[in-house]
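Structure assessment
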Amino acid sequence: MKLLRPVSPTVTRPLSLLVLVAWAGCMAVLVHRSYVQAAPANLATDLARYGPTATWRGVYYRGEKIGFTVSQTIRTDTGFELQEDARLLLTLLGSATTTTIRTTAQVDSAFVLRAFVFALDPGTGPVEVRGTIEPAASGGAHLLRLAIRSGGTTRTEERRLDEPPATSLNLFRMLASRGLAGRPRLRWTVFDPATLQNTPMDVAIRAREIVRTRDGSMPAFRVEMAFQGLKTTAWVTDTGEVIREESPLGLMTVRETPEQAQGLAIPGGVQEDLLRMSAVVPVMSQRIDEPRAVRRLRLRLDGVDLPRRDLDGVGQTVEGAVIEIRDPQTLRSGPGDADAAQYLAPEPFIESDAPEIAEEARRALQGVAGQRARAERLTRYVNALLDKKPTVSLPSALEVLRTKVGDCNEHTALYVAMARAAGIPARIAVGLVFVRGAQGAFYYHAWPEVYLDEGDGRGLWLPVDPTLNQFPADGTHLRLVRGGLDAQAAIVPLIGRIRMTVLDLDLDPRITPVLVGREQAGLPPLPAPRSQPRGCGCDTP
């Protein structure tokens, strides 16, 4: 699943992370840098609330139009209400998916955030996040109350923030209310939805420029932002209106007329496929015809700056920029992990305490004894349960269980939730995996790591892959980070920058392809096949 930022204050971050969610199994994709966005409702009805003063923008990826946004600011008795709706049409591995987004934020007269609603409907089931912020009393912490609704249930949380946060939705209005001219450099505290914490953003305000849009041209300040490794450029008017915004990966929004913005009309769909554009093609002298045959893979990564703690361990060793991966089948137990128990707790979108998740886990593991056998059965079960379809969503385990559709994000979320419900510690890993093809490349992917307690104070973490029906995962799974959005968002700045050279490769020629399907799970066959397991840029072995 860092998730991720920009394209429009509310869409660029989602789109940057869109790529991440699509290939990395992280819910970040559309939890953009403003943590407020779309509500599941009829699009025409949603757009009817926008008046003649609303601002419309087209959203583009590498020159191809993929959607639009519309936003407006309404005065209220206590300040303002900021509203934004968006529609995105994306092509993932040849499959088109439409996502609708709605954002509403309540701010005071100084545009300080007080409440928000973020809702996302990717077509496979809506997710909604509501939040309120209580100002600090007598120098104390600000209290953020969250209500996260997915899979038909609502989970509540509280977060304490040291400073009042901004979001991308109200940031430019706040800047404009204080004056853009004569303030070259600023540091703002922005609430990051990936971590549910405040994060610093460096803002550099440059001179005014004449900015061309599809409906004319106008003067605007050039504003450069650096937020968690991503650099974004926006052109902002004196009143805080964003005329144009650009971010890494070729994402851009630009102001248009309502008719221009809503005119998607993309012949044959979006030409650029996000997943394929994010592939990492390695320099290598030896081919990998069967990923399951890889016994040892030694490679060098350039353009990467990630925590060593995530790169090292569970079959991977790191020396400088060189990483060696051993086939997880060779992993053996060692001294037990005293921290493994923390990976039994539920999290937002990993609803391991939900009765539906617990019942599905019980059904999957009925009659199976032993940690290793149970972890393997769960891998086969989740693989057989889900229709393999690329999606752009916040993968709530409950919603995945209801729809039974998804890619590596959904497989991983459901597996981790079911494993935890069954008393098996599990966590999310995000990185790259090799996919066969005419050339062969590594694609961004997500998979679980499961802890096997073997008794007598011994155990091991083992990577598994329910998307590809692998237990354990093959030796081409290169882990970059572990954890939720706070960790996964670190990958976003790496898109398009990672360079890989395979230095050494040991293969077992005896390995044959592994079948994927219900038969492998020990389950009765389905009346008819669903769809071929594809997603996250990963073809099935």
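About the cut-offs
Residues numbered from 1 in each chain as written. Predicted model: local features only at pLDDT ≥ 70, side-chain atom pairs only at ≥ 80, totals over all residues. Heavy atoms only, no water. Helix = DSSP H or I, 4+ residues; strand = E, 2+ residues; numbered from the N terminus. Areas by Shrake-Rupley, 256 points an atom, 1.4 Å probe, with all protein chains shown as cover. Buried < 20%, exposed > 50% of the residue type's maximum accessible area, 1.4 Å probe, protein only. Contact = heavy atoms within 4.5 Å. Axes fitted to C-alpha atoms, helices over the stretch in contact; angles between N-to-C directions. Parallel < 35°, antiparallel > 145°, perpendicular 65-115°, else oblique. Nonpolar A, V, L, I, M, F, W, Y, C, P; charged D, E, K, R; others polar. Expected span 1.5 Å × (residues − 1). Left-handed = near helix turned anticlockwise from the far one by under 90°. Phe/Tyr/Trp six-rings, centres within 6.5 Å; stacked < 30°, edge-to-face > 60°. Lys NZ or Arg CZ within 6 Å of the ring centre and 35° of its normal. Salt bridge = Lys/Arg side-chain N within 4 Å of Asp/Glu carboxyl O. pLDDT = per-residue confidence, 0-100. Pairing = 2+ DSSP bridges.

Before going further, it helps to examine the overall build of the chain. Across its full length, the chain carries 11 helices and 27 strands. By element, 48% of the accessible surface of the chain is carried by carbon and sulfur atoms, the whole surface being about 20,800 Å².

A few words on unusual backbone geometry. With an omega of -10°, the peptide bond between Phe471 and Pro472 qualifies as cis. Mapped onto the secondary structure, Pro472 falls in the loop between strand 23 (458-463) and strand 24 (478-482). Its identity is not glycine, yet Asn469 carries a phi of approximately 60°, on the positive side. Following the sequence through the fold, Asn469 ends up in the loop between strand 23 and strand 24.

Checked against the element boundaries, Tyr50 lands in the loop between helix 2 (43-47) and strand 1 (55-61). For Tyr50, a relative accessible area of 10% puts it in the buried group. Considering only alpha carbons, one finds Tyr50 and Gln83, 33 residues apart in sequence, at a separation of 8.8 Å. Those residues in contact with Tyr50 that sit more than four places away from it in its chain are Val70, Ser71, Gln72, Gln83, Glu84 and Asp85.

Moving on, we come to the packing of helix 7 (residues 355-365) against helix 10 (residues 408-421). Interhelical geometry of helix 7 versus helix 10 gives an angle of 80° and a closest axis separation of 8 Å. On the basis of their axis angle, the class for helix 7 and helix 10 is roughly perpendicular. Contacts between helix 7 and helix 10 involve Ile357, Ala358, Glu360, Ala361 and Ala364 on the former and, on the latter, Leu414, Ala417, Met418 and Ala421. Tallied by class, residues from the contact of helix 7 with helix 10 come to 8 nonpolar, no polar and 1 charged.

Glancing now at helix 8 (residues 371-385). Between the first and last C-alpha of helix 8 there are 21 Å, a value that for 15 residues agrees with the 21 Å anticipated at 1.5 Å per step. Where helix 8 is buried, its residues meet helix 7, strand 19 (387-388), helix 9 (397-403), helix 10 and strand 22 (441-455).

Between two packed helices, both the angle of their axes relative to each other and the distance between the axes serve to describe the pair. The contact between helix 8 and helix 10 brings their axes to 10 Å, and the two run at 140°. Between helix 8 and helix 10, the interaxial angle falls into the category oblique. When you trace helix 8 past helix 10, the crossing you get is right-handed. The residues of helix 10 that touch helix 8, namely those facing Ala375, Leu378, Thr379, Tyr381, Val382, Asn383 and Leu385, are His411, Leu414, Tyr415, Met418 and Ala419. Considering only residue class, the contact of helix 8 with helix 10 consists of 9 nonpolar, 3 polar and no charged.

This paragraph deals with the packing of aromatic side chains. Applying the stated criterion to the full structure yields 5 aromatic pairs. A ring pair is formed by Trp56 and Phe68, whose centres lie 6.0 Å apart and whose planes are at 35°; its orientation type is tilted. Placement of Trp56 in strand 1 and of Phe68 in strand 2 (residues 64-75) is noted, with a sequence separation of 12 residues between them. Like Trp56, the residue Phe68 is buried in the burial classification. Both rings, one in Phe434 and one in Phe442, keep their centres 5.3 Å apart while their planes meet at 70°; by these two values the pair is edge-to-face. For Phe434, a relative accessible area of 6% puts it in the buried group. Grouped by ring-pair contacts, the aromatic residues Tyr343, Tyr451 and Trp461 constitute a single cluster. The ring of Trp461 is capped by Arg427, whose NZ or CZ atom sits 3.7 Å from the centre of that ring.

With that out of the way, let us pick up the pattern of salt bridges. On inspection of all chains with the given rule, the structure shows 33 salt bridges. The partner of Glu256 in a salt bridge is Lys65, and the shortest N-O contact between them spans 3.0 Å. Here Glu256, found in strand 14 (residues 251-256), pairs with Lys65, found in strand 2; they are 191 residues apart in sequence, far enough to count as distant. For the residue pair Glu256 and Lys65, the accessibility class agrees, reading buried in each case. Note that Glu246 and Arg244 form a salt bridge whose closest N and O atoms lie 2.9 Å from each other. With a relative accessible area of 28%, Glu246 lands in the partly exposed category. Connected via shared salt-bridge partners are Arg206, Glu209, Arg222 and Glu224.

On average, the chain scores 78 in pLDDT, and the residues at 70 or more come to 76%. Below a pLDDT of 50 lies the segment residues 1-43, which in the model reaches 265 contacts outside its immediate sequence neighbourhood of four places, other chains included. Contacts from residues 514-535, a stretch scored under 50 in pLDDT, to residues over four places away or in other chains number 48 contacts.

With that settled, consider the sheet that holds strand 21 (residues 426-435). Judged by pairing direction, the sheet is antiparallel, and its 5 strands sit side by side in the order 18-23-22-21-24 without closing on themselves. Each of the sheet's edge strands pairs with one partner strand only, and the pair in question is strand 18 (334-335) and strand 24. Its contacts with the sheet put helix 8 on strand 22 and strand 23, and the angle it makes with strand 22 is roughly 150°. The strands that helix 10 touches are strand 21 and strand 22; relative to strand 22, the one it contacts most, it runs at about 10°.

Buried residues dominate strand 24, accounting for 5 of its 5 residues. Two strands pair when backbone bridges link them, and strand 21 and strand 24 are joined in this way by 4 bridges, in the antiparallel orientation. Bridge assignment links Val430 to a residue of strand 24, and that residue is Val481.

For the rest of this paragraph, the subject is helix 10. If you check helix 10, its first and last C-alpha atoms are 20 Å apart, about what 14 residues at 1.5 Å a residue would give, namely 20 Å. Burial runs high along helix 10: 13 of the 14 residues are buried. Looking at the residues trailing helix 10, positive phi occurs at Gly423, about 85°.

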